[in-house]
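Observations on chain architecture
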Amino acid sequence: MSQRPSTPAEGWKIVYVAHSEPEALIVAGRLENQGIEAFVHREVTGNAYGVYTDPLGEVSVLVHPDDYEQ
């Protein structure tokens, strides 16, 4: 995946919610193979406390609003 800032720009939309980081990275990689820039975001609090369940353990895949429908 390409180098990107640590947070997505405002307005990016969630297209997938995974329950593990590897799952989210696979989804983001497949999107990028289709030419869609993707961003993987994990809740910082979940990372800090080692939480891998509930909303704190979720990992979101976001895309630019222009690519959302694709």
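We now turn to the structure provided with this report.

Calculation criteria
Residues numbered from 1 in each chain as written. Predicted model: local features only at pLDDT ≥ 70, side-chain atom pairs only at ≥ 80, totals over all residues. Heavy atoms only, no water. Pairing = 2+ DSSP bridges. Helix = DSSP H or I, 4+ residues; strand = E, 2+ residues; numbered from the N terminus. Axes fitted to C-alpha atoms, helices over the stretch in contact; angles between N-to-C directions. Expected span 1.5 Å × (residues − 1). Buried < 20%, exposed > 50% of the residue type's maximum accessible area, 1.4 Å probe, protein only. Arc of directions from axis to C-beta. Contact = heavy atoms within 4.5 Å. Polar contact = N/O pair within 3.5 Å; in protein donor to acceptor, adjacent residues only side chain to side chain. Phe/Tyr/Trp six-rings, centres within 6.5 Å; stacked < 30°, edge-to-face > 60°. Lys NZ or Arg CZ within 6 Å of the ring centre and 35° of its normal.

The antiparallel open sheet is built from three strands, whose spatial order is E1-E3-E2. One side of each edge strand has no neighbouring strand; the edge strands of this open sheet are strand E1 (13–18) and strand E2 (38–42). Within this sheet the neighbouring strands show an average axis-to-axis angle of 30°, counted without direction. Looking at chain direction, E2 and strand E3 (residues 59–63) are connected through five bridges and run antiparallel. Bridge assignment links Ala38 to a residue of E3, and that residue is Val63.

Here we come to helix H1 (residues 21–33). Look at H1: 18 Å from first C-alpha to last across 13 residues, which is about the 18 Å you get at 1.5 Å a residue. Of all the residues in H1, the buried ones are Ala24, Ala28 and Leu31. Along the axis of H1, the buried positions cluster into a sector of 55°, meaning they face one direction only. Opposite its buried face, H1 presents the exposed residues Pro22, Ile26, Arg30 and Asn33, each directed more than 90 degrees away. Where H1 is buried, its residues contact E1, E2 and E3. One side-chain oxygen of the residue at the start of H1 lies 3.3 Å from the amide nitrogen of Glu23, identifying that residue as Ser20. Two residues or fewer past H1, Gly35 is found with a positive phi of approximately 85°.

This next bit is on the packing of aromatic side chains. The full count for this structure, using the stated rule, is one aromatic pair. Relative to Phe39, the ring of Trp12 has its centre 6.5 Å away and its plane inclined at 80°; by these criteria the two rings are edge-to-face. With Trp12 in the segment before E1 and Phe39 in strand E2, this pair connects stretches of sequence that are 27 residues apart. Neither residue differs from the other here; Trp12 and Phe39 are each classed as buried. A cation over a ring is seen here: Lys13 above Tyr68, with NZ or CZ 4.9 Å from the ring centre.

A separate point is the pairing of E3. Of all five residues making up E3, five are buried, and the element is well covered by its neighbours. Burial of E3 is two-sided: the residues Val59, Val61 and Val63 facing one way and the residues Ser60 and Leu62 facing the other way are all buried. In this sheet, E3 lies alongside E1 in antiparallel orientation, the contact comprising five bridges. Each bridged residue has a counterpart across the sheet, and for Tyr16 the counterpart in E3 is Val61.

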